[in-house]
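# Architecture and fold: a report
Residue strings, one per chain:
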Amino acid sequence: MRYYLGLATTFHDPALALIGPDGTVLFAEGAERFLQYKRAPNCEPDPATRMVGLLAELVPEGSELVVASTWGQQFTEFLEGQGRAGAFTLEALGRHAPVLNRSFVPERAERIFVAEMAIAQARAGYGTLLALDQETRGRGGAARARIVRQDRFPHHLTHAAYALWGSPFSDATAVIVDGMGETGAAALYRMEAGRIAEVRRHRGRGSVGFLYGLVTDLAGFDQLKGEEWKIMGLAPYGRSDPALVAQLRRLYTAEGGRLKFTDDATVRDVVATILSRRPADLGEAGWADLARSGQEVFSELMDILVAEAWALSPHENLVIAGGCGLNSSYNGRVLERSSFSRLHVPSAPGDDGNAVGAAWLAYAADNPGWTGPAPEARPLTPYLGSRVSTAPMERLAEWEPRARKVGHAAATREAARILAAGGLVGWVQGRAEFGPRSLGNRSILADPRPAGAKDALNAKVKYREAFRPFAPSILAEAGPDWFEAYADSPYMERTLVWRESKRDQVPAVVHADGTGRLQSVTPARNPAYAALIAAFAEITGVPILLNTSFNVMGKPILHTAEDAILMFTTTGLDALVVEDWIVVK
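A short tour of the structure in this document, coming up. Note that this is a predicted model, so its numbers are computed, not measured. (Residues numbered from 1 in each chain as written. Predicted model: local features only at pLDDT ≥ 70, side-chain atom pairs only at ≥ 80, totals over all residues. Heavy atoms only, no water.)

### Here we look at helix 10 (residues 242-249)
Convention followed: Three labels apply to residues, based on accessible area from a 1.4 Å probe with only protein chains included: buried if under 20% of the type maximum, exposed if over 50%, partly exposed otherwise in between. Per the convention used, a helix needs a DSSP run of H or I reaching at least four residues, while a strand needs a run of E reaching at least two, with both numbered from the N terminus. Directions pointing from the helix axis toward each C-beta atom define the arc.
All of the buried residues in helix 10 are Leu244, Val245, Gln247 and Leu248. What you see down the axis of helix 10 is that its buried residues fit within an arc of 160°, all on one side.

Encoded structure:
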């Protein structure tokens, strides 16, 4: 039997995915979860310590293994040649000036990114080889599996494969937009009857993703830490400043319906002009007017790309992926701003999702007639990661009498009661979500009705900026009653407008502009979480919970029950539910 290991091998957000002999996604997870290192910069996607257990659990003895990574063969060979020529030594990198260029990042930083990419590509699969070697030693020389080949696929194609084959559509047009690719930072693809074809690949160093990152830095945050989220959260608190918008618009033009970026000198002049207007002391609140203006310009840039996709590949179904697909504010408005009718954005549109795309492309190479998962397996579930062991809860119960195994139904009822009384609940169920957002399996939950719930959660647990919103999880059948122009949003991928008559009922999840980045929950997608929201609705009449990721600021979402217990004991959580165990303070 042949299995396919996909590795996301960019210098940030590494991830792995394992595909079975029938094309089913058996496992997908970002390396940050296992390593407990936010975004896991410059870490391997397949740590040997992780792969030993994963291979033993999912890959039968005597299997073949294909390793697939997420940057193309030609680009990888270019990186190897650059490395041999000494382009990535500290001395060579240090000769590049630390000044902004037309890609919207400093010249030296851009070259360092490329060097880091070369390192990541060179060691793709090393962790898996080490794990197989350890397995062989432990089994007296009998290998569990052997690697039969290594495939490399173009970066934007892996984005498209994951997003398109994981969508509910058999035909669609995909817009892929991120920070950088082999030739440019955007590409368009078409899928017809499950067959994926490139429509247009953008070329050049200009980048919508890096432009948004530049706005992030200028507004007082740090794109290297992935703080673009803060621009989306802060934007509704600012006003659109015509002077700032005008400066940002100098960075690009649309010629013949195609996006064209400016030159190095203009980039530096725009940044100098914006910095001359920057408030002296931004504090943690950031520059709200720039955030608002930057979000407005980002939407204009995306509109150009989406309109180009429609012109070249008109279709009712639109798929967006790449790091810019995480901009839920734009996703919530793209259909009203374009000619497309339906939208799909996957749960992991950033580079972590490419692990699935690479594995599926390797599988398709061995199975030329394959056109994606069966209809009943689409859209792809986000619940593809690790399960937690309840053994730590059993050990906790040996000295903590408030830790009890009560069964799922009783744990659900008690958690709903605590939430309705204003308590904060850590909720851990089933397999972890694939992607950056907690979707009811690794969540901190609260009652959305008290106006002070958001501030209490920030003060007691999350410790993050007050302007950042919390998301509502809503029973899908209730969605139209609470949101205008409601659309199903299973991955918390889009922001919609609350009905004005409902906003006062759930102020903790209504953002400053009257929107919410919602998650639509159904029993079919997540039975345990749907049961909890339904139990809360029985008590309160509100089919909505405030949902945020089970972590504290600066840390990734938890990976083990020990992580959950640590946060329960060191923060202001009132209760912790791990599967059918509950502990309360």
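### Quick notes on the layout of surface pockets
How we decide: Method remark: on a 1 Å grid restricted to protein atoms, a set of points is classed as a cavity if a 1.4 Å probe fits but cannot get out and as a pocket if it is open with protein on both sides within 12 Å along at least five of seven lines; lining residues have an atom within 4 Å of a point. Grid points are joined across faces, edges and corners, and a volume is the space filled by probe spheres set on the points.
Volume-wise, the second largest pocket comes out at about 310 Å³. Taken together, 18 residues make up the lining of the second largest pocket; nearest its centre are Glu110, Val114, Met180, Gly181 and Arg205. Where the lining of the second largest pocket is concerned, the elements lending two or more residues are helix 3 (73-84) and helix 5 (107-122). Top element by residues in the lining of the second largest pocket is helix 5. It accounts for 3 residues.

### Considerations on the packing of helix 8 (residues 208-218) against helix 12 (residues 288-312)
Stated formally: Orientation is described by lines fitted to C-alpha atoms, with helices fitted over the stretch in contact, and by angles between N-to-C directions that extend from 0 to 180 degrees. Just so you know how the angles are binned, under 35 degrees is roughly parallel, over 145 roughly antiparallel, 65 to 115 roughly perpendicular, and the rest oblique. A contact between two residues is defined here by any heavy atoms of the two lying within 4.5 Å. Only Asp, Glu, Lys and Arg are considered charged, only Ala, Val, Leu, Ile, Met, Phe, Trp, Tyr, Cys and Pro nonpolar, and every remaining residue, Gly among them, polar.
Packing of helix 8 against helix 12 brings their axes to within 10 Å, and their N-to-C directions diverge by 175°. Accordingly, the angle class assigned to the pair helix 8 and helix 12 is roughly antiparallel. Judged by residue contacts, Val208, Leu211, Tyr212, Val215 and Leu218 of helix 8 engage Leu290, Gly294, Gln295, Phe298, Leu301, Met302 and Leu305 from helix 12. Residues that form the contact of helix 8 with helix 12 fall into these classes: 10 nonpolar, 2 polar and no charged.

### Section: the nonpolar core
What counts is decided by this rule: Only buried residues count toward a nonpolar core, which is a set of Ala, Val, Leu, Ile, Met, Phe, Trp, Tyr and Cys residues joined through side-chain atoms within 4.5 Å.
With 65 residues, the main nonpolar core has Val208, Leu290 and Met302 as its most contacted residues. In terms of residue count, helix 12 provides more of this core than any other element does, 11 residues in total. With residues up to four places along the chain from it excluded, the contact list for valine 208 reads Val177, Asp178, Leu259, Phe261, Phe298, Leu301, Met302, Leu305 and Cys324. If you look at the next biggest cluster of nonpolar residues, it comprises 60 residues, including Trp482, Leu532, Val542 and Leu546.

### Concerning the sheet that holds strand 1 (residues 2-8)
For the record, the criterion: Think of it this way: DSSP has to see at least two bridges between two strands before they count as a pair.
Spatially, 3-2-1-4-5 is the arrangement adopted by the 5 strands of the open sheet, whose pairing is mixed. Either end of the sheet is taken by a strand with one partner, and the two such strands are strand 3 (25-30) and strand 5 (145-152). Strand after strand, the sheet turns through a mean of 15° between neighbouring axes, direction not considered. Where strand 4 (residues 63-69) meets strand 5, 7 bridges bridge the pair, whose relative direction is parallel. Paired with alanine 68 across the two strands is aspartate 151, which belongs to strand 5. Running over the sheet, helix 2 (residues 48-58) touches strand 1, strand 2 (15-19), strand 3 and strand 4 and is turned about 165° from strand 3.

### Digging into the sheet that holds strand 13 (residues 403-405)
What the 8 strands build is an open sheet, ordered 13-22-21-14-15-20-16-19; its pairing is mixed. Edge positions in the sheet fall to strand 13 and strand 19 (519-521), since each has one partner strand and no second. Put simply, the sheet's adjacent strands are angled 25° from each other on average, direction ignored. As paired elements, strand 14 (residues 425-428) and strand 15 (residues 442-446) share 4 bridges and run antiparallel to each other. Paired with glycine 426 across the strands is isoleucine 444, a residue of strand 15. Sheet strands in contact with helix 19 (residues 527-540) are strand 14, strand 15, strand 16 (471-475), strand 19 and strand 20 (544-549), and its direction is about 135° off that of strand 20.

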